[in-house]
Amino acid sequence: MLGAYYKIQFAKNEDLKFTGTFTADGISGDPINLSTYTPYMSIVDTDGNEVLDCDTFITIGGDQNNVITVLIPSSEFSSIDAGTYNYDLLVTDGTLTQRLLYGEVIIYEGYTVI
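Cut-offs used in this document
- Residues numbered from 1 in each chain as written.
- Predicted model: local features only at pLDDT ≥ 70, side-chain atom pairs only at ≥ 80, totals over all residues.
- Heavy atoms only, no water.
- Helix = DSSP H or I, 4+ residues; strand = E, 2+ residues; numbered from the N terminus.
- Buried < 20%, exposed > 50% of the residue type's maximum accessible area, 1.4 Å probe, protein only.
- Contact = heavy atoms within 4.5 Å.
- Core = buried A, V, L, I, M, F, W, Y, C linked by side-chain atoms within 4.5 Å.
- pLDDT = per-residue confidence, 0-100.
- Phe/Tyr/Trp six-rings, centres within 6.5 Å; stacked < 30°, edge-to-face > 60°.
- Lys NZ or Arg CZ within 6 Å of the ring centre and 35° of its normal.
- Pairing = 2+ DSSP bridges.

Secondary structure summary: the protein chain contains zero helices and nine strands in total. In sequence order, the protein chain lays out its α and β elements as β-β-β-β-β-β-β-β-β. Counting the 114 residues in the protein chain, one finds 32% classified as buried. Expressed as a percentage of contacts within the protein chain between residues at least 6 apart in sequence, the contacts between residues at least 24 apart total 64%.

Have a look at this one:
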């Protein structure tokens, strides 16, 4: 699984948090039960250096254990410079690791892009 591209943009100086809810369904549309998987997410700079480990901000839930929620408080971004970063959202069951989402995180200084 290659994962889906998802771009994140927000202003650094606003009291905003990043919230994203994603549903994992198979090609046939059936829910993928992620209850035995552990999620991992990192935000890295253009050199591949981790600027934020997001693992503690991810939960798996929903009636069929196929809903991934990412909730990163704005305080986590306070020490990160404005700029463009990359991220991956992975899940693993200890044997198989799959990338569900990847993309850019763009942090603007002082204003929000919609």
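The next subject is the nonpolar core. Formed by 24 residues in total, the largest nonpolar core has its most connected members in M41, I43, I68, V70 and I72. Contributing elements (two or more residues each) for this core: β3 (18-23), β4 (38-44), β7 (67-72), β8 (83-92) and β9 (97-108).

The next thing to look at is the environment of I68. Summarising the element assignment, I68 is placed in strand β7. Taking relative accessible area as the criterion, I68 reaches 2% and is therefore assigned buried. Remark: the alpha-carbon pair of I68 and L100, spanning 32 residues in sequence, is separated by 9.9 Å. Not counting residues up to four positions away in its chain, the partners in contact with I68 are G20, T21, F22, L34, I58, T59, I60, L89, V91 and L100.

Phi at N65 is positive, roughly 50°, even though this residue is not glycine. Here N65 lies in the loop between β6 (58-61) and β7.

Here the focus is the confidence of the model for the protein chain. On average, residues of the protein chain score 82 in pLDDT, and 81% of them reach the 70 mark or higher. Summarising per-element confidence for the protein chain, the mean pLDDT is lowest in strand β2 (residues 8-11) (62) and highest in strand β5 (residues 50-53) (95).

Two measures describe an aromatic ring pair: the distance that separates the ring centres and the angle between the ring planes. Considering all chains together, one arrives at zero aromatic pairs under this definition. One cation-aromatic arrangement involves R99 over Y102; the distance from NZ or CZ to the ring centre is 4.7 Å.

Pairing geometry for β6 and β7, over four bridges, is antiparallel. Paired with T59 across the strands is T69, a residue of β7. The loop that links β6 with its antiparallel partner β7 comprises five residues; one of these, G62, has a positive phi angle of about 90°.

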